[in-house]
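Fold and contact review
Here is how the chains run, residue by residue.
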Amino acid sequence: MRKREYLGQLELMVLLAVVRPAKDAYGVLISREIAEKSGREVAIASVYAALERLERKGLVTASLGESTAERGGRARTYFQPTALGLQEAREAYDTLTRLSSGLAAPVGKPA
Amino acid sequence: MMRRELPIVATWLLMHFGSSAYAESLAGDLIEQFHQGRSRWWYWRQVAIALVLSRADVMPIVFRCAAAVTAVLGLILITDRFSSPCPSTVTPALITLAALGLGVVGMSGRRAASLARALVGTVALVMLGAGTLSWASTTRSERCAGTCMCTQARAVAP
């Protein structure tokens, strides 16, 4: 079994949110995606902190977009998953699916 | 449509004290959201979170140093309480409790629940503020009277 560094809950949510969208993912979009899917609002700064950690682990890459007047002349940073990031997301999903199989009754989910 | 005025101070704080590699993009995101109708309160809250996160690794050290300084101050005030003719009981008690609170927050690190930590930290800071104010008011009233009022009271008493 290979030794791996586990992702925190927020890191995993952010990674999945980066993998998901059809268009390029950036701070606001990722934060909105997590809020919609999890029902909990996440501060944009927390999203960027998680993205920084994911980038350090080589799971996402960042690229600078164009600056706009609406953003006070500041550019968006877009994030894309790397091959390792996609593999990590897949493995995390598989692990969670395997671990949660047969748990419907104990966690109170209707059968 | 008229554009709302951006919270300039909050943006300045973010740009100067937020150490994230993405501070520019974060500021841009906040400005974009603000212009799309988010409130001033929301903007300030986001900036506060960003500032705390960018200093998250040094916060326990800051709290530990503050606790040490406050503890020394508390000791000085306790000593003063026994040697001074005008002893204040409230001030040393408040400062000592504040030192204990700050110490607990600094030592607990990530083990303690963040809500409990925030609560203890806030109470400690309030106590430190109240202690400092009470100390300042005692010192001021003594200085205004020219001499200690207690000494005067003792001298007048039969």
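Please read all numbers here as calculations on a predicted model, not as lab measurements.

1. Notes on the overall build of chain A
- Across its full length, chain A holds four helices and two strands.
- The N-to-C order of helical and strand elements in chain A reads α-α-α-β-β-α.
- When burial is assessed residue by residue, chain A has 35% of its 111 residues classed as buried.
- In chain A, once contacts between residues fewer than 6 apart in sequence are set aside, the share between residues at least 24 apart is 51%.

2. What about the pairing of strand E1 (residues 60–68) of chain A?
All names here are of chain A.
- In the sheet, E1 pairs with strand E2 (residues 74–81) via seven bridges, with the strands oriented antiparallel. In the sheet register, leucine 64 faces E2, and the bridge partner there is threonine 77.
- In this structure, the hairpin formed by E1 and E2 is closed by a connection of five residues, where glycine 72 is found at a positive phi of approximately 65°.

3. Section: helix H3 (residues 44–56) of chain A
- Taking 1.5 Å as the rise per residue, H3 of chain A with 13 residues should run 18 Å; its terminal C-alpha atoms sit 18 Å apart, in good agreement.
- Three or more residues of H3 of chain A are buried, namely Ile44, Ala45, Ser46, Val47, Tyr48, Ala50, Leu51 and Leu54 of chain A.
- The inward-facing, buried residues of H3 of chain A abut helix H1 (9–19), helix H2 (27–38), E1 and E2 of chain A together with helix H2 (23–35) and helix H3 (40–54) of chain B.
- Downstream of H3 of chain A by one or two residues, glycine 58 of chain A has phi in the positive range, about 80°.

4. As for a nonpolar patch on the surface
- Residues Val58, Met59, Ile61 and Val62 of chain B make up a contiguous nonpolar surface patch of about 300 Å² in total accessible area.
- Mapped onto the elements of the fold, valine 58 of chain B is located in the loop between H3 and helix H4 (59–83).

5. Concerning the environment of tryptophan 44 of chain B
- Inspection of the secondary structure puts tryptophan 44 of chain B in helix H3.
- In this view, tryptophan 44 of chain B contacts Pro7, Val9, Ala10 and Leu13 of chain B; residues no more than four positions away in its chain are not counted.

6. Regarding the interface of chain B and chain A
- On the side of chain A, 23 residues touch chain B, which itself brings 24 residues to the contact.
- Here chain B packs against chain A, burying approximately 1800 Å² in sum over the two surfaces, 52% of which is carbon and sulfur.
- When residues of chain B are sorted by the area they lose upon contact with chain A, Tyr22, Asp29 and Glu32 of chain B head the list and together hold 34% of the total.
- Counting across the interface, chain B meets chain A through five salt bridges.
- Arginine 71 of chain A is paired through a salt bridge with aspartate 29 of chain B; the nearest N and O atoms lie 2.7 Å apart.
- There are eleven residue pairs in polar contact (both at pLDDT 80 or more) connecting chain B and chain A.
- Those elements that place two or more of their residues in the side of chain B that touches chain A are helix H1 (8–17), H2 and H3 of chain B.
- Ranked by the residues each element gives to the side of chain B that touches chain A, the list is headed by H2 of chain B, at eleven residues.
- Of the residues in the side of chain B that touches chain A, the class split is eleven nonpolar, eight polar and five charged.

7. A short note on the packing of H1 of chain A against H2 of chain A
All names here are of chain A.
- Two elements in contact, H1 and H2, have axes separated by 9 Å at closest approach and are oriented at 110°. Between H1 and H2, the crossing angle belongs to the class labelled roughly perpendicular. Contact residues: H1 offers Met13, Val14, Ala17 and Val18, while H2 offers Ile30, Glu33, Ile34 and Ser38.
- In terms of residue class, the contact of H1 with H2 is built from six nonpolar, one polar and one charged.

8. Quick notes on the packing of H4 of chain B against helix H5 (residues 90–108) of chain B
Residues and elements named next belong to chain B.
- Their axes nearest at 8 Å, the elements H4 and H5 cross at an angle of 160°. Classified by the angle their axes make, H4 and H5 are roughly antiparallel. Seen from above, H4 lies across H5 with left-handed handedness. Here Pro60, Phe63, Arg64, Ala66, Ala67, Thr70, Ala71, Leu73, Gly74, Leu77, Ile78 and Arg81 of H4 lie close against H5, whose contacting residues are Thr91, Pro92, Ile95, Thr96, Ala98, Ala99, Leu102, Gly103, Val105, Gly106 and Met107.
- Classifying every residue of the contact of H4 with H5 gives 15 nonpolar, six polar and two charged.

Conventions and cut-offs
- Per chain, residue numbering runs from 1 following the sequence as it is written.
- Each chain is given a letter, starting from A, and each ligand a number, starting from 1, according to the order in which they appear as written.
- It should be noted that, the model being predicted, local features are given only for residues of pLDDT at least 70 and side-chain atom pairs only at 80 or more, the latter also being counted only at that level, while totals for whole chains, interfaces and linings use all residues.
- Side-chain descriptors were evaluated using all non-hydrogen atoms of the structure, hydrogens and water having been removed beforehand.
- In this text, helices come from DSSP runs of H or I with a minimum length of four residues, and strands from runs of E with a minimum of two, each type numbered from the N-terminal end.
- Using a 1.4 Å probe on the protein chains alone, a residue whose accessible area is under 20% of its type maximum counts as buried, one over 50% counts as exposed, and one in between counts as partly exposed.
- Contacts between residues were defined by any pair of non-hydrogen atoms, one from each residue, lying within 4.5 Å.
- Strand pairing is assigned whenever DSSP identifies at least 2 bridges connecting the two strands.
- Every helix has an expected span of 1.5 Å times one less than the residues it contains.
- Patches here: salt-bridge-free residues with over 30% relative accessible area, like charges joined within 9 Å, nonpolar side chains (Val, Leu, Ile, Met, Phe, Trp, Tyr) joined within 5 Å.
- Accessible surface is estimated by sampling points in the Shrake-Rupley manner with a 1.4 Å probe; for residues, cover comes only from the protein chains shown.
- Salt bridge, as used here: a side-chain nitrogen of Lys or Arg that lies within 4 Å of a carboxyl oxygen of Asp or Glu.
- Joining two parts hides part of their accessible area as seen by a 1.4 Å probe, and the buried area is that hidden amount summed over both.
- Here a polar contact means two N or O atoms within 3.5 Å. Within protein one must be a hydrogen donor candidate and the other an acceptor candidate, and residues neighboring in sequence count only if both atoms are side-chain atoms.
- Residues were grouped as follows: Ala, Val, Leu, Ile, Met, Phe, Trp, Tyr, Cys and Pro as nonpolar; Asp, Glu, Lys and Arg as charged; and all remaining residues, including Gly, as polar.
- Here an angle of 0 to 180 degrees is reported between the N-to-C directions of two axes, which are lines fitted to C-alpha atoms, with helices fitted over the stretch in contact.
- We call two directions roughly parallel when the angle between them is under 35 degrees, roughly antiparallel when it is over 145, roughly perpendicular when it lies between 65 and 115, and oblique otherwise.
- Two helices cross in a left-handed way if the nearer one is turned anticlockwise from the farther one by less than a right angle. They cross in a right-handed way if the turn is clockwise.

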